[in-house]
Amino acid sequence: MKAVQASLFGEPDVLALADLPDPVPGPGQIAINVTHAAVGLIDVYIRQGLFQGRAGLPQPPYVPGLEVAGTVRALGDGVTGFAVGEKVVTLSDNATGGYASVYVGNQARVVSTEGYDIDPALAVAVVPNAIMAHVALTRAIHISAGESVLIHGALGAFAAAFPGIARQLGASRVVGTVRTERMGAAAATKLPYDRIVDSAQLPDVLGDEKFDVIVDPVGGTVRTQSLDLLALSGRLLLVGNAGGDWNHRIDGNRIWQSNVVVAGFNAGAYVPAHPDAIRPAAEAALKAAAAGLADTEIEILSLADAATAHERLENHTANGRLVLTP
């Protein structure tokens, strides 16, 4: 099979196309002929070596890639409920294996897209993230019908999954924030936001508006400002650190005095401990995608352009999701 391999931790140029043996599914596994593989920040962080040595994450050489769409190639022993040729989407167990023409993964993480009118590029770009968004909004915290939601980095890969799922769960108002240079793209987005504002103008741009739930994949100053934007008994959900400020801290006394909740959601840590969360979330994610609630901008590149995709994520020049195809 063709695959992109990271020979060591480092800059994007450690990624190179290679010919590797076709993987074969073991018991409880499904082999997938990959049509599309999404490129995400977690792929970048692992390649940079930010998590090197952490249990369960790869050491070079390895094939990156968390999110995959394609068709079932072969079934391992004991696998039921799937058929060869069936259209599917999946999340890998350890954020590896996706940048390849063949992927093998755990059947518990594979979701059929048969019966839904979803393009496979859109499926890989939004369905896995929408699954995680649903889990985050129903398990890490609990959003109630009629509540208001603020989503930072509104057009980012993971953030873009939240407005549709929030709408599906009954949110009455959904507002987003983006960097100044992304305001043009924000004006054109099809994502179901009521309003998107410039994060550089926070908090003044929102006036006196407060939110029941704030989703923050950005971190840094935006995270601190969020405490002032929460309604009484509001919940701040931390789902990433795209801003790259790894030294940022939140004052615990402010949390206590403001009577708010700050919760973290790390899909890589949560899902293995709660595998039962995937199926109901997948149903919600597929319905949201089919209903157009997750239509985000997608750019398709060849597998050989993986290093370029990583560079564009690092320098913030990616517009929407980047998807590789063999």
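Criteria and cut-off values
- Residues numbered from 1 in each chain as written.
- Predicted model: local features only at pLDDT ≥ 70, side-chain atom pairs only at ≥ 80, totals over all residues.
- Heavy atoms only, no water.
- Buried < 20%, exposed > 50% of the residue type's maximum accessible area, 1.4 Å probe, protein only.
- Helix = DSSP H or I, 4+ residues; strand = E, 2+ residues; numbered from the N terminus.
- Contact = heavy atoms within 4.5 Å.
- 1 Å grid on protein atoms, 1.4 Å probe; cavity = no way out; pocket = protein on both sides within 12 Å on 5 of 7 lines; lining within 4 Å.
- Points joined across faces, edges and corners; volume = space filled by probe spheres on them.
- Pairing = 2+ DSSP bridges.
- Axes fitted to C-alpha atoms, helices over the stretch in contact; angles between N-to-C directions.
- Salt bridge = Lys/Arg side-chain N within 4 Å of Asp/Glu carboxyl O.
- Parallel < 35°, antiparallel > 145°, perpendicular 65-115°, else oblique.
- Nonpolar A, V, L, I, M, F, W, Y, C, P; charged D, E, K, R; others polar.
- Right-handed = clockwise from strand over helix to strand, strands pointing away.

**Student:** Would you explain helix H1 (residues 41–48) in this entry?
**Tutor:** Each full turn of the α-helix corresponds to 3.6 residues, which orients residues three or four apart in the same direction. What H1 keeps buried is the set Asp43, Val44, Tyr45, Ile46 and Arg47. Buried-residue contacts for H1 involve strand E2 (15–19), strand E3 (29–39) and helix H9 (306–314). One or two steps after H1, the chain reaches Gly49, where phi turns positive at roughly 90°.

**Student:** What is the right way to look at empty space enclosed by the protein in this model?
**Tutor:** Taking a probe equal in size to a water molecule and rolling it over the atoms shows the remaining empty space. Enumeration according to the criterion identifies one cavity of 30 Å³ or more in this entry. Looking at the largest cavity, its volume works out to about 50 Å³. Around the largest cavity, the lining residues are Val89, Thr90, Leu91, Arg109, Val111, Pro128, Ile131, Met132 and Ile278. Looking at the lining of the largest cavity, the elements with two or more residues in it are strand E5 (87–91) and helix H2 (120–140).

**Student:** What's the story with the pairing of strand E6 (residues 102–106) in this structure? I'm lost.
**Tutor:** Consecutive side chains along a regular strand alternate between the two faces of the sheet. Along E6, four of the five residues are buried, which leaves the element largely enclosed by surrounding structure. Strand direction decides the pairing type here: E3 and E6, joined by five bridges, are antiparallel. What sits directly across from Gln29, in E6, is Asn106.

**Student:** Help me understand the sheet that holds strand E10 (residues 195–198) in this model?
**Tutor:** Hydrogen bonding along the main chain pairs the strands of a sheet, whether they run parallel or antiparallel. In spatial order, the strands read E10-E9-E8-E11-E12-E13; together these six strands make up an open sheet with parallel pairing. Only two strands of the sheet have a single neighbouring strand rather than two, namely E10 and strand E13 (261–264). On average, each strand axis in the sheet is inclined to that of its neighbour by 20°, with strand direction left out of account. Where strand E8 (residues 148–151) lies against strand E11 (residues 211–216), three bridges are found, and the strand directions are parallel. Considered in E11, the bridge of Leu150 is made with Ile214. Relative to strand E12 (residues 230–238), H2 is tilted by about 135°, and along the sheet it contacts E11, E12 and E13. Of the strands in this sheet, E8, E11, E12 and E13 are in contact with helix H5 (residues 221–229), which crosses E12 at around 155°.

**Student:** Would you mind showing me how to read the pattern of salt bridges here?
**Tutor:** On inspection of all chains with the given rule, the structure shows 14 salt bridges. Two residues, Asp194 and Arg167, come together in a salt bridge whose shortest N-O distance is 2.7 Å. Of the two residues, Asp194 sits in the loop between helix H4 (183–188) and E10 while Arg167 sits in helix H3 (residues 162–168), which places them 27 residues apart along the sequence. A relative accessible area of 40% means that Asp194 is categorised as partly exposed. What makes Arg167 partly exposed here is its relative accessible area of 24%. With a closest N to O distance of 2.8 Å, Arg179 and Glu181 form a salt bridge. Classification of Arg179 as partly exposed rests on a relative accessible area of 34%.

**Student:** What exactly am I supposed to notice about the packing of H1 against H9 here?
**Tutor:** To describe two helices that pack against each other, one gives the angle between their axes and the distance between the axes. The contact between H1 and H9 brings their axes to 10 Å, and the two run at 100°. With respect to H9, the axis of H1 lies roughly perpendicular. Taken together, the residues of H9 that come into contact with H1 (itself represented by Leu41, Asp43, Val44, Arg47 and Gln48) are His310, Leu313 and Glu314. A class-by-class count of the residues in the contact of H1 with H9 yields three nonpolar, two polar and three charged.

**Student:** What am I meant to see in the pairing of strand E9 (residues 173–178) here?
**Tutor:** Burial within E9 is extensive, with five of its six residues counted as buried. Relative to E9, E8 is paired through four bridges, and the arrangement is parallel. Bridging across to E9, Leu150 finds its partner in Val175. Handedness of the crossover is the feature at issue here: the chain leaves E8, passes through H3, returns alongside E9, and the resulting connection is right-handed. By the bridge criterion, four bridges tie E9 to E10 in an arrangement that is parallel. Bridged to Gly176 within E10 is Ile196. At this point the chain moves from E9, through H4, to the parallel E10, and the crossover so formed is right-handed.

Just geometry here; none of it tells us what the structure is for.
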